Each structure stands twice: as C-alpha cells, then as structure tokens.
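So the chains spell out like this:
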Amino acid sequence: MDRCPCGSNLPSSECCLPLIKGDRPAATAEQVMRARYSAYALAEVGYLLSSLHPDHRSDFDEKSTRTWAEGSQWHSLEIITTEGGGPEDSEGRVEFVALYTEKGIKKNHHELATFAKKDGIWYFANGEVVPSRPVVRSTPKTGRNDPCPCGSGKKFKKCCGQ
C-alpha cells in the first residue's frame, strides 16, 4: 500500500491523490494543506497552482516551484493547529511544520497558512512564516578558550568545541 506523503497513514489513492488529480474537491482547509504538501513531495505543480486562490495566482512561478519541489526530499508534515476551515466555514488557518532536505541540508518550514473558500472551493490564500524560537541558555555560553565542560582539562576549542 502506497502511503500518502501527508502523513495521514492512508493510501495516497484514498487521501490526497484524488484532490491533486481533480477527482474530488477538498472538504476542509486542512485537506488542502495536506494535498499541497503531497503535491510538493510528488512535484505535482499543477495542483499547487490550481489550489492557490485565484487572486494570488499572478505571481506564481511554476519553474522555480517545480525546481524546488523536485530538488528537495520531503520527509514529513506535522499539523500543529487548525482554526476554522471546516465544511461550513468560509475561512480557515492551518499551522504546520514541513520537514525536508534541500541541497543536503535538513530544513523545517513552519508556517501559519490562511485558506479561503470561493464558490464552494477551498484555496490557499496566504502563508506567514512562524519564526524559530531563539535559544535560551540557562548557563553562560562556553568560550573557545575556557576549560571544556566535559572535564578533560583541555580548552573547549581543542576538545568538544571541535
């Protein structure tokens, strides 16, 4: 059984693929989000354009989107929260984290996506990157020339700091 890239544990044929292929519309904003992630993982750029709100399609760059989708390895999608976006709603928000590798570097994309329903169809309207939380240290940072905290007696730069 071919599992859907969106992480639902359903077969692709029962989850995102019917949306991507246009066989059925998404019932919720979260379904559009999951299908868009799967479309990136499968390099189905046509769905990325068709699921984009018509008011925001003018600056869609198909070539760079395809290059990014095909040049990345897509690992997982985590839905953090959903707000609205149900079958009876006209707007919704989905916060998610997509994990992927691009040019050998593992990355995560944390976003709060906004969806809008137009003529009964859900569309991705806008996305706002959620900034990473800053590192908060409970102890002072070890300097390069400080003794290594591992207890070796060496300077940090010659021990664990290498």
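Predicted, not measured: the structure shown is a model, and the values here were computed from it. (Residues numbered from 1 in each chain as written. Predicted model: local features only at pLDDT ≥ 70, side-chain atom pairs only at ≥ 80, totals over all residues. Heavy atoms only, no water.)

J.: Before we move on, can you summarise the environment of Glu 88 with the specific residues and values?
T.: Examined against the element boundaries, Glu 88 turns out to sit in the loop between β1 (72-84) and β2 (91-102). A residue is classified by how much of its surface remains accessible, and Glu 88, at 78% relative accessible area, is exposed. In this structure the C-alpha to C-alpha distance between Glu 88 and Asn 126, which are 38 residues apart in sequence, comes to 20 Å. (Helix = DSSP H or I, 4+ residues; strand = E, 2+ residues; numbered from the N terminus. Buried < 20%, exposed > 50% of the residue type's maximum accessible area, 1.4 Å probe, protein only.)

J.: So what about the packing of aromatic side chains? Which residues, and what values?
T.: What the rule picks out here adds up to seven aromatic pairs. Plain terms: the ring middles of Tyr 40 and Trp 68 are 5.3 Å apart, the flat faces sit at 75 degrees to each other, and that makes the pair edge-to-face. Taken together, the positions of Tyr 40 in helix α2 (residues 29-42) and Trp 68 in helix α4 (residues 62-71) put the pair 28 residues apart, joining distant regions of the chain. What makes Trp 68 partly exposed here is its relative accessible area of 27%. Among the aromatic residues, ring-to-ring pairing joins Tyr 37, Tyr 40, Trp 68, Trp 74 and Tyr 100 into one connected group. (Phe/Tyr/Trp six-rings, centres within 6.5 Å; stacked < 30°, edge-to-face > 60°.)

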